[in-house]
Amino acid sequence: MKKFAFAAVAAAALVAGQAQAQSSVTIFGVADIGYLSTSVSGVKQQQITNDLNTSSRLGFRGAEDLGGGLKASFWFEAAMTPQNGTSGGTSTTNKDSVNPGGLTFGRRSTVELSGSFGEVRLGRDYTPTFTNLTVAHHPFGTNGLGNAGQMYYPLKGTSVGGTSAQTNVRASNGINYFSPNFSGVQVNVMYATNNQADNLGAVGDDGKYMGGRISYGNGPLNVALATGKTKYATGDYTQSNFAANYQLGAAKLMYLWGENKVGVTKTTSNLVGVQYQVSETGEIRAGYTMLKASGFAASAGVDDATQAVIGYVHNLSKRTALFTNYSVLDNKGLGKQFVVGGGDKSALTAGGSSTGYEFGIRHSF
Amino acid sequence: MKKFAFAAVAAAALVAGQAQAQSSVTIFGVADIGYLSTSVSGVKQQQITNDLNTSSRLGFRGAEDLGGGLKASFWFEAAMTPQNGTSGGTSTTNKDSVNPGGLTFGRRSTVELSGSFGEVRLGRDYTPTFTNLTVAHHPFGTNGLGNAGQMYYPLKGTSVGGTSAQTNVRASNGINYFSPNFSGVQVNVMYATNNQADNLGAVGDDGKYMGGRISYGNGPLNVALATGKTKYATGDYTQSNFAANYQLGAAKLMYLWGENKVGVTKTTSNLVGVQYQVSETGEIRAGYTMLKASGFAASAGVDDATQAVIGYVHNLSKRTALFTNYSVLDNKGLGKQFVVGGGDKSALTAGGSSTGYEFGIRHSF
Amino acid sequence: MKKFAFAAVAAAALVAGQAQAQSSVTIFGVADIGYLSTSVSGVKQQQITNDLNTSSRLGFRGAEDLGGGLKASFWFEAAMTPQNGTSGGTSTTNKDSVNPGGLTFGRRSTVELSGSFGEVRLGRDYTPTFTNLTVAHHPFGTNGLGNAGQMYYPLKGTSVGGTSAQTNVRASNGINYFSPNFSGVQVNVMYATNNQADNLGAVGDDGKYMGGRISYGNGPLNVALATGKTKYATGDYTQSNFAANYQLGAAKLMYLWGENKVGVTKTTSNLVGVQYQVSETGEIRAGYTMLKASGFAASAGVDDATQAVIGYVHNLSKRTALFTNYSVLDNKGLGKQFVVGGGDKSALTAGGSSTGYEFGIRHSF
């Protein structure tokens, strides 16, 4: 009798969640909220909003030592919009944009196997080119008024044929490989399928992604080159960038070049920036970016633009910081595409400019 | 080589979730399910449903001691519908009602800074007026057949211009301040922006919230007064209430006055109630509420109403309880707005009544 | 003063999450991703997709000892789609199909009370018939190319009157009872309400579920019989099945009979299968299923079919495994309903066949 009782319990556990194989899971995240005030061609707006210093998130991850240097692990990480409690979106085909609103592990959702050969991640993960846009290579990373996304992401809704490129940050259905570090050189390559439902055959490669990155670091110097291509039936998307930075005493000097091609359109950006540690707890950040646009229809309202940003981060601890930023963004010619802080574009006059300031708190856990 | 390897890992960790700043996160929640039987103008219904004693939820929170009495913390809390596994909704503009279905931290989503000055919470939080409707000030709080929401919330879908007030419980995009306790007196004030996307300038104040509460407690006596106003282009919404309760031996005697104005419509309610500890594990709850309605179009079917409720809670432990409630609700005149237990309003005849009973289990974790 | 301060804190805690009743919550889950290649009537497709060995999931559960052998507990478990970070769906009425995309505890969402009387679960849970389709009774359970769902679930979208049966795996709004084990005999019965919003009276029983299962286990022998019925206004749905398996040394021999009736349509399946432990870490699985269909309109394209599957699981640990499967599926006569691996049905010719292979990794936590 006892044996069957055990079997029944074991089967129930298997169905219900592998209860017999319990491991330690880490919960982690960031809550970043602040006050944002923008002026777009003179029209003023104010918000209590998120992600002004670091992207808010909530995640679960864990690892298992398999012996012999082999490790299995998982990583489920969702974007958070802490001012209203919703989450961020994802893409299921690397072509669609899916925003369920409820908690979605769209930042990263992977199962990994790692060892002396490096690390393989299966699932949704960052594309190699995105790594060069983070705060390690751009003074503001992809957050706040000075965020790299403004001028280093492809332009949504302006592409040929109506397809918006979705793989500038992450790709779903991917195999992502990171090599070990060979004397300062590291390689990352990624491939992703499109997984279009019920008509996988018919759509061919529409939404398939492939990209790579090579980086070199030695003492104070870091350089990295990355490129990625997504096939779209309406026109392929290619993102490329090159980052170089040098630690000079308390200052990290940064240069970043980036290019986005969607169909026949192209934007190219160059940034010079700095992160300067003024005290044990304080850091000044500054950056100046110049963007060149070509191939857009006149009606798209896309033209050259420049953006200047300065900010200050005051660390209350390793996990918690107060911060403030100020930015000026100028469109040139017919341009009315770029505004600071996700402000109201409809207020923008052609060639108009926008300014903004913000301050807030970022708490990591 | 080693230095760069470390830098690469640190940058990856920063991108991927602040792994280097790990802290302890608390998971908490409530699962409350039971059987509900209602009769609306004689039409009977039965459900296995939720939140009959306490609102089901799932949340994550944590705090960090910053030294010098200062503390940073976060709180992400979602409503749960445990009978089907979905979550509850939120509002992103304090005007819209968003119900993603998936886990949404719509109950509370805040980052906090607290110290000798009190506590500041940024994000989505309870409005000051809601505090007076909880189980501390109403015998049934806002759950089950006797819930305060029935007669102390604004009426959805009956307002002028089609805007339903969304801030009777919580507001998004908020700054919420709680003072320290000064000899029994505590003050809470809250301000929230509307954050309407892409046209912040054009919509002006539509959805902006401001409110406050002052409470006094001394020995067995507690009194509290609160009010809040939300600006809506279709007619402002004002909620005010006053709670007074007195602990007389094992009985807590309760009085609650509340008013909701949406545009030109108004409902005013008065309750007398009691929570009586009959044994170490048992509590009887009872309440009688009278509602007055004015300013509604005849077609809205809103008129005066009364509700009587009696219930019993049997605590199996501090965390788990069994409970049962019974209620009678009478509409007056042309009224066909109010029914017990979220029953089928379409069955209600003008001036009709409904009755219901329920029993279930509530488990906190 | 002190007393009130405490009361205020206690009330706030109650509102905010039962902070005073903190317990230990277990996080658990599965991440299963792999490569799938299918050929449907010669049209080839490839995906990096999920759940090829075990259903991916993320869950939270915990229990409280109430003394006297009584235990209260909860279980919130969501399906995960780890290749893109979304979750799976649920049903709120046992008639609708709800797929919020964000984290939804549609796999199981229950509060439980257990003791010497057995266990009662309230909420969304597995129906008794589903238990016989799991990996304990079918060599592949309900995952991957050989999954039981293919031929033991009702056919979606082919039913009379347009209602797809939703209760073949789980039912919402349920009371689910499991008896203690009496000399190897165990009984499970379940009842679920339909909870249709705002018109509970009018729709009567549409969506109500009732089912049961009786199982017997003694030494190497396990047998189980289950049946369940869901009332639908468009035609009731009945699922029945019988499982028998026998552990013969390292081999578990399996037989499974199952039947689905939706309105006037019926499918009946018979499987013979085996799970064979070839080494301490390796298991071979194989199965052959024959399906008979009747009562379908010719336009539905449903006819008899057979499926053969063989697979291998290599356990890296108790929690992590690599696996591979191969399957051939043949439709008969006019049939173009069944394909392996959720491939593109539109490519299928009448009476056509499909083949597929897959390999991947499953990590439990």
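Owing to the predicted nature of the structure, the values given are computational and were not obtained by experimental measurement.

## Points about the overall build of chain A
The number of helices and strands found in chain A is three helices and 18 strands. When each of the 365 residues of chain A is scored for burial, the buried share is 60%. Across chain A, contacts joining residues at least 24 apart in sequence account for 55% of those joining residues at least 6 apart. In the form shown here, chain A has an accessible surface area of approximately 12,800 Å², with 59% of it arising from carbon and sulfur atoms.

## Structural notes on the interface of chain B and chain C
On the side of chain C, 51 residues touch chain B, which itself brings 58 residues to the contact. The junction of chain B with chain C conceals about 4,400 Å² of combined surface from both sides, 66% of it contributed by carbon and sulfur atoms. Contact with chain C buries area across many residues of chain B, yet I48(B), R319(B) and F365(B) alone supply 14% of it, more than any other trio. Across the chain B-chain C interface, the total number found is zero salt bridges. Taken together, the connections running from chain B to chain C amount to 11 residue pairs in polar contact (both at pLDDT 80 or more). Going through the elements one at a time, β1 (26-40), β2 (43-50), β3 (57-67), β4 (70-81), β10 (209-218) and β18 (353-364) of chain B are the ones with two or more residues in the side of chain B that touches chain C. Ranked by residues supplied to the side of chain B that touches chain C, first place goes to β2(B) with seven residues.

## A word on the nonpolar core
Nonpolar side chains in soluble globular proteins tend to be buried together. Ranked by size, the top nonpolar core spans 60 residues in total, and within it F60(A), F60(B) and F60(C) carry the most contacts. Those residues in contact with F60(B) that lie beyond four places of it in its chain are I27(A), L58(A), F60(A), V25(B), T26(B), I27(B), F28(B), F74(B), W75(B), F76(B), F105(B) and F60(C).

## Focus: the relation of the copies chain B and chain C
When chain B is fitted onto chain C, the two copies agree to an RMSD of 0.0 Å after a turn of 120° and an axial shift of 0.0 Å. Taken together, the turn and the small shift mark the pair as related by a three-fold rotation axis. Every residue of chain B has its C-alpha some distance from the rotation axis, and the shortest such distance is that of G102(B), at 2.4 Å. Comparing interface residues between copies, only 9% of those in chain B also lie at the interface in chain C; the contact surfaces differ.

## What to know about the side chain of S327(C)
Residues and elements named next belong to chain C. On the secondary structure map, S327 appears in strand β17 (residues 320-331). Among the residues examined, S327 registers a relative accessible area of 0% and is labelled buried. Only 2.9 Å separates the side chain of S327 from the side chain of Q307, close enough to count as a polar contact.

## A word on the relation of the copies chain B and chain A
The two chain copies are related to each other by a rotation about an axis together with a translation along it. The transformation that overlays chain B on chain A combines an axial shift of 0.0 Å with a rotation of 120°, and the residual RMSD is 0.0 Å. Interface overlap between copies: only 10% of the residues of chain B at the interface are likewise at the interface in chain A, consistent with a contact formed by different surfaces.

## What to know about the pairing of β18(B)
Across 11 bridges, the pairing between β1(B) and β18(B) is antiparallel. What sits directly across from V30(B), in β18(B), is S364(B).

## Concerning the packing of aromatic side chains
A ring pair, where both rings are aromatic, is described by two values, the distance of the centres and the angle of the planes. Applying the stated rule across the entire model yields 30 aromatic pairs over all chains. On the basis of an interplanar angle of 70° and a centroid distance of 5.2 Å, the ring pair of F74(A) and F76(A) is categorised as edge-to-face. A residue is classified by how much of its surface remains accessible, and F74(A), at 0% relative accessible area, is buried. Relative to Y357(B), the ring of Y35(B) has its centre 6.4 Å away and its plane inclined at 45°; by these criteria the two rings are tilted. With a gap of 322 residues between them, Y35(B) in strand β1 and Y357(B) in strand β18 connect regions that are remote in the sequence. Across the ring face of F28(B), the terminal group of R61(B) is positioned such that the distance to the ring centre comes to 4.3 Å.

## Details of the interface of chain B and chain A
With 52 residues of chain B at the contact, the number on the chain A side is 58 residues. Across the contact surface, chain B and chain A share 11 residue pairs in polar contact (both at pLDDT 80 or more). For the side of chain B that touches chain A, the secondary-structure elements that each account for two or more residues are α1 (2-16), β3, β4, β6 (108-115), β7 (118-126), β8 (170-178) and α3 (200-203) of chain B. At seven residues, the largest contribution of residues to the side of chain B that touches chain A is made by α1(B). For the side of chain B that touches chain A, a count of residues per class yields 27 nonpolar, 21 polar and four charged.

## Some details on a nonpolar patch on the surface
Residue and element names in this part refer to chain B. Side chains of V187, V189, I214, L225, F242, Y255, V272, Y288 and M290 sit close together on the surface and give an oily, nonpolar patch of about 720 Å² of accessible area. If you list the elements that add at least two residues to the nonpolar patch, you get β9 (185-192) and β15 (282-294). You can see V189 is positioned in strand β9. Residue classification places V189 among the partly exposed residues on the basis of a relative accessible area of 41%.

## Observations regarding the pattern of salt bridges
Under the defined criterion, the tally for this structure stands at 36 salt bridges over all chains. The salt bridge partner of E119(A) is R121(A), with a shortest N-O separation of 3.3 Å. Between D236(B) and K229(B) there is a salt bridge, with the nearest N and O atoms lying 3.9 Å from each other.

## Topic: the environment of H137(C)
All names here are of chain C. Here H137 shows up in the loop between β7 (118-126) and α2 (149-152). H137 gets classed as buried once you look at its relative accessible area, which sits at 9%. Along the chain, H137 and A148 lie 11 residues apart, while their C-alpha atoms are 9.8 Å from each other. A distance of 3.3 Å separates polar atoms of two side chains, one belonging to H137 and the other to N245.

## A closer look at the environment of Q186(B)
All names here are of chain B. Following the sequence through the fold, Q186 ends up in strand β9. Judged by its relative accessible area of 23%, Q186 falls in the partly exposed class. Separated by 30 residues in the primary sequence, Q186 and Y216 have C-alpha atoms spaced 6.6 Å apart. A distance of 3.2 Å separates a polar atom in the side chain of Q186 from the backbone oxygen of S179.

## Focus on unusual backbone geometry
The phi angle at S41(B) is positive, at roughly 45°, despite the residue not being glycine. You will see that D51(C), though not glycine, has its phi angle at about 65°, which is positive. Along the chain, D51(C) turns up in the loop between β2 (43-50) and β3 (57-67). Judged by relative accessible area, D51(C) falls into the buried class, the value being 19%.

## Considerations on the pairing of β2(B)
All names here are of chain B. Across eight bridges, β1 lies against β2 in antiparallel orientation. Following the sheet pairing, S39 is matched in β2 by K44. What sits between the antiparallel neighbours β1 and β2 is a turn of two residues, in which S41 has the positive phi angle 45°.

## A short note on the environment of L66(C)
Secondary-structure assignment places L66(C) in strand β3. Spatially, the C-alpha atoms of L66(C) and L113(C) are 9.7 Å apart, while their sequence positions differ by 47 residues. Residue contacts for L66(C): discarding those within four places in its chain leaves L316(B), S317(B), T320(B), K71(C), A72(C) and L113(C).

## Quick word on the side chain of S317(C)
Mapped onto the elements, S317(C) comes out in the loop between β16 (305-315) and β17. Engagement of the side chain of S317(C) in a polar contact is seen with the side chain of E64(A), the distance being 2.5 Å. Beyond its immediate stretch of four places on either side in the chain, S317(C) contacts E64(A) and L66(A).

## Remarks on the confidence of the model for chain A
All names here are of chain A. Averaged over every residue, the pLDDT of chain A is 90; the share at 70 or more is 90%. Within the model, the stretch residues 1-22 combines pLDDT values under 50 with 45 contacts to residues more than four positions away or in other chains. The ipTM for the predicted assembly is 0.92, set against a pTM of 0.93.

The rules behind the values
- Residues numbered from 1 in each chain as written.
- Chains lettered and ligands numbered in written order.
- Predicted model: local features only at pLDDT ≥ 70, side-chain atom pairs only at ≥ 80, totals over all residues.
- Heavy atoms only, no water.
- Helix = DSSP H or I, 4+ residues; strand = E, 2+ residues; numbered from the N terminus.
- Buried < 20%, exposed > 50% of the residue type's maximum accessible area, 1.4 Å probe, protein only.
- Contact = heavy atoms within 4.5 Å.
- Areas by Shrake-Rupley, 256 points an atom, 1.4 Å probe, with all protein chains shown as cover.
- Buried area = accessible area lost by both parts, 1.4 Å probe.
- Salt bridge = Lys/Arg side-chain N within 4 Å of Asp/Glu carboxyl O.
- Polar contact = N/O pair within 3.5 Å; in protein donor to acceptor, adjacent residues only side chain to side chain.
- Core = buried A, V, L, I, M, F, W, Y, C linked by side-chain atoms within 4.5 Å.
- Least-squares fit on C-alpha atoms with pLDDT ≥ 70 in both.
- Pairing = 2+ DSSP bridges.
- Phe/Tyr/Trp six-rings, centres within 6.5 Å; stacked < 30°, edge-to-face > 60°.
- Lys NZ or Arg CZ within 6 Å of the ring centre and 35° of its normal.
- Nonpolar A, V, L, I, M, F, W, Y, C, P; charged D, E, K, R; others polar.
- Patch = residues over 30% accessible without salt bridge, like charges linked within 9 Å, V, L, I, M, F, W, Y side chains within 5 Å.
- pLDDT = per-residue confidence, 0-100.

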